[in-house]
Amino acid sequence: MTKFLFITDLDNTLVGDDAALKTLNYHLEQHRQAYGTLIVYATGRSPELYQELKTEKPFLLTPDALLLSVGTEIYHHGQDDLDPDWVAELSHGWDRDQVAAIAAHFADLVPQSPQEQTPFKASYHLSQEVAPMVLPQLEASLQKQGLDIQLIYSSGKDLDILPSRGNKGAAIAFLQQTWRLPGDRLVVCGDSGNDISMFAAATGKGIIVGNAQPELREWHHANPSPHRYVSKAHCAGGILEGLRHFGFLEA
Ligand code: GLC
Ligand code: MG
């Protein structure tokens, strides 16, 4: 067994089955102590919602780095401040006020709570029924104004508008460079649309948990890879199944 970089989404991937999470934590913590394995959480949650989750689930392991707000915020272990180089990278061509002003013309977009509106992420609720019609129109309107953005739709309800250079996958590539880690000893785990960029960018392995959302399953079927595994088990149980499948942990 050797060190690896373990990257996971939180809601409905790492978190969702407490008993399985405690078992997974035990194995990960042992691996971290024995081999120096690194743990990274990559979530759509804002800093406030991440703190809430930590209070609800005090047994969550402390990660070596934290990617919040769909990868637009990078926090290194033990630091309260954002990685300034990542902030500089995302600032190019991003105008949050203009994004929000254009989005306000779309009646189907309902802004999420104020705490989920972060410097590099504008978030809305959008129903699944109208999304296929609204998303291309919104993207065209934003691009017409020269805005360098990407739209990420998750779980048939959440829409995030982000700078085109910022998402979970791009943040991981940035971390890999910063840490100078080899690409093959890496595994990413996820369940929904905002995890697709991790699977698309990943140079190592990918684990899709058994309870994954249709948008991620559809993307996986359209872009199959032998380096990706779809678990039978849900949430942390699915992660454990995948880590054993790829030999990161002993079976
Ligand atoms: C999390 C965030 C929300 C975001 C969603 C999808 O639930 O709190 O703002 O839209 O993830 O990325
Ligand atoms: Mg999730």
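Residues numbered from 1 in each chain as written. Chains lettered and ligands numbered in written order. Predicted model: local features only at pLDDT ≥ 70, side-chain atom pairs only at ≥ 80, totals over all residues. Heavy atoms only, no water.

Visitor: Looking at this model, I keep getting lost on the coordination of the magnesium ion (ligand 2). Mind explaining?
Guide: Put simply, a metal with four donors set out as a tetrahedron has ideal angles of 109.5 degrees, and one with six donors set out as an octahedron has ideal angles of 90 or 180 degrees. Of the protein atoms, only Asp9 (OD), Asp11 (O) and Asp191 (OD) coordinate the magnesium ion (ligand 2), at distances of 2.1 to 2.3 Å. Going along the chain, you hit the donors of the magnesium ion (ligand 2) in the pattern D-x1-D-x179-D. According to the relative accessible area criterion, Asp9 is buried, its value standing at 4%. Residue classification places Asp11 among the partly exposed residues on the basis of a relative accessible area of 28%. (Donors = N, O, S within 2.8 Å, 3.2 Å for Na, K, Ca; no water. Buried < 20%, exposed > 50% of the residue type's maximum accessible area, 1.4 Å probe, protein only.)

Visitor: Can you help me understand the sheet that holds strand 3 (residues 65-68) in this one?
Guide: Read from one edge to the other, the open sheet built from 7 strands follows the order 4-3-2-1-9-10-11, with strand pairing classed as mixed. Sheet topology places strand 4 (73-76) and strand 11 (228-230) at the edges, where each strand pairs with a single neighbour. Along the sheet, successive strands turn relative to each other by an average axial angle of 15°, direction set aside. As paired strands, strand 9 (residues 186-190) and strand 10 (residues 205-208) are joined by 4 bridges and run parallel to one another. Note on strand 10: the bridge partner recorded for Val188 is Gly206. The strands touched by helix 8 (residues 214-222) are strand 9, strand 10 and strand 11; relative to strand 11, the strand with the most contacts, the crossing angle is about 135°. (Pairing = 2+ DSSP bridges. Helix = DSSP H or I, 4+ residues; strand = E, 2+ residues; numbered from the N terminus. Axes fitted to C-alpha atoms, helices over the stretch in contact; angles between N-to-C directions. Contact = heavy atoms within 4.5 Å.)

Visitor: What is the right way to read the layout of surface pockets from this model?
Guide: Where empty space is left becomes clear once a probe the size of a water molecule has been rolled over the atoms. Approximately 440 Å³ is the volume attributed to the largest pocket. Of the residues in the lining of the largest pocket, the class split is 1 nonpolar, 11 polar and 10 charged. Built from parts of two domains, the lining of the largest pocket gets at least three residues from each of domain 1 (5-88 + 166-246) and domain 2 (95-163). In this structure, the second largest pocket occupies an estimated 370 Å³ of space. (1 Å grid on protein atoms, 1.4 Å probe; cavity = no way out; pocket = protein on both sides within 12 Å on 5 of 7 lines; lining within 4 Å. Points joined across faces, edges and corners; volume = space filled by probe spheres on them. Nonpolar A, V, L, I, M, F, W, Y, C, P; charged D, E, K, R; others polar. Domains from an automatic or database assignment.)

Visitor: How should I be thinking about the pattern of salt bridges in this particular structure?
Guide: When charged atoms on two side chains of opposite charge get close, those side chains can pair. Within the structure shown, the criterion is met by 10 salt bridges. Between Asp9 and Lys168 there is a salt bridge; the shortest N-O distance is 3.1 Å. Of the two residues, Asp9 sits in the loop between strand 1 (5-8) and helix 1 (18-35) while Lys168 sits in helix 6 (residues 168-179), which places them 159 residues apart along the sequence. The residues Asp9 and Lys168 share a single accessibility class, namely buried. Residues Asp64 and Arg32 are paired through a salt bridge, measuring 2.9 Å at the closest nitrogen-oxygen approach. Of the two residues, Asp64 sits in the loop between helix 2 (47-56) and strand 3 while Arg32 sits in helix 1, which places them 32 residues apart along the sequence. Overall, the relative accessible area of 17% leaves Arg32 in the buried class. Salt bridges linked by common partners bring Asp9, Lys168 and Asp195 together as one network. (Salt bridge = Lys/Arg side-chain N within 4 Å of Asp/Glu carboxyl O.)

Visitor: Where do I start with the packing of aromatic side chains in this structure?
Guide: Geometrically, a pair of aromatic rings is defined through the distance of the ring centres and the angle of the planes. Tallied over the entire structure, the rule returns 3 aromatic pairs. Aromatic side chains Trp86 and Phe174 sit 5.0 Å apart centroid to centroid with 45° between the ring planes, which places their arrangement in the tilted category. With Trp86 in helix 3 (residues 84-91) and Phe174 in helix 6, the pair connects residues that are 88 residues apart, well separated along the chain. For the pair shown, Trp86 and Phe174 are each scored as buried. Seen from their ring centres, Tyr229 and Phe246 are 6.3 Å apart, and the 75° between their planes marks the pair as edge-to-face. Of this pair, Tyr229 sits in strand 11 while Phe246 is found in the segment after helix 9 (235-245), placing the two residues 17 residues apart along the sequence. (Phe/Tyr/Trp six-rings, centres within 6.5 Å; stacked < 30°, edge-to-face > 60°.)

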